[in-house]
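The lines below spell out each chain.
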Amino acid sequence: FFQVLKFLHEKGFPYGHLHSANVMLDGDTCKLLDLENSLLGLPSFYRSYFSQFRKINTLEAVDVHCFGHLLYEMTYGRPPDTIPVDSFPPAPSVFVASVLESILTCEAMKNGMPTVSRLLQMPLFSDVLLTNSEKPQLKIPTKLKEALKTSKECIEKRLTEEQKLIHQHRRLTRAQSHHGSEEEKKKRKILARKKSKRSAYESGEEHSAKYSNSNNSAGSGASSPLTSPSSPTPPSTAGASSIPPAPPPPPPPPAAPPLTTEVPTQPSPQPDVSASRGALLSSIQNFQKGTLKKTQTCDYSAPRIS
């Protein structure tokens, strides 16, 4: 039936329903049955197995995987317990074991299924002589070929989508079981405690920093000296070269005449800046002591201690 599978694959005919109930021996001839199942949309017998592995995504790979199940059942008299198979019981032939390892092991599931042509080159099949020399013939009209091609593409697309959903479900199940374990719960509790302690420590530091900043601002305001508006502010040395020098102080007023005990003296009036020099001299010449009135002066020149 390997020759039949090779012939169907070359013609682009989708099969995918290889199992022990669809293989019939007619003398020395092996025949495959139910070729129309894929065209009728019936699910494969081993679909629950190969839909779990994303490398088995074509109908050719599906047929090879189903052949591995069939060969295991023919060799050991029962189907495999689990797929992939970790260890095989002793096989009657080393060649059979090599074929099973190339199809049903975990490494084969990861790397992908071998092709039918590659399996025919293995020692288990390379020494087989075909007694029937007739070449199989299958006439398919052109319109039917396009329909078969479309059907094959739809089957493979549906298989790929189903494998993606199964893969996502597996990842979700593993994540839930991982996070629901007691060890992970303890780790999350410890991590939550560390985070709460860290947040409390950071909030305490922030509060202390705000309190120290408020104290610094209050202290700086209290310790800064209050300057009266009348007191001049000393100029900065950085801009001394650009600021013009201050004007010289005004000259002191003329000294008052000495006071006598007998005749009170009246201080001379402050000369006007705009008066001429001649007016000043005339007022000095016309000065008469008799016209002065007695005055009482208060001396504030002595220092006062409060």
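Residues numbered from 1 in each chain as written. Predicted model: local features only at pLDDT ≥ 70, side-chain atom pairs only at ≥ 80, totals over all residues. Heavy atoms only, no water.

**Structural notes on the side chain of T105**
- Within the secondary structure, T105 is located in the loop between α4 (94–104) and α5 (106–111).
- A polar atom in the side chain of T105 sits 2.7 Å from the backbone oxygen of E101.
- Setting aside chain neighbours within four positions, we find T105 in contact with P84, V85, F88 and L100. (Helix = DSSP H or I, 4+ residues; strand = E, 2+ residues; numbered from the N terminus. Polar contact = N/O pair within 3.5 Å; in protein donor to acceptor, adjacent residues only side chain to side chain. Contact = heavy atoms within 4.5 Å.)

**Focus: unusual backbone geometry**
- Looking along the chain, the bond that leaves I83 and enters P84 is cis, with omega of 0°.
- Positive phi values are uncommon outside glycine, yet D34 reaches one of about 55°.
- Take D34: it is sitting in the loop between β2 (29–32) and α2 (47–50).

**A short note on the packing of helix α1 (residues 2–11) against helix α3 (residues 59–76)**
- At their nearest, the axes of α1 and α3 sit 11 Å apart, and the two run at 170° to each other. One way to sum up the angle between α1 and α3 is to call them roughly antiparallel. Residues F2, L5 and H9 of α1 touch α3, and the partners they reach there are L59, E60, D63 and F67.
- Split by residue class, the contact of α1 with α3 holds four nonpolar, one polar and two charged. (Axes fitted to C-alpha atoms, helices over the stretch in contact; angles between N-to-C directions. Parallel < 35°, antiparallel > 145°, perpendicular 65-115°, else oblique. Nonpolar A, V, L, I, M, F, W, Y, C, P; charged D, E, K, R; others polar.)

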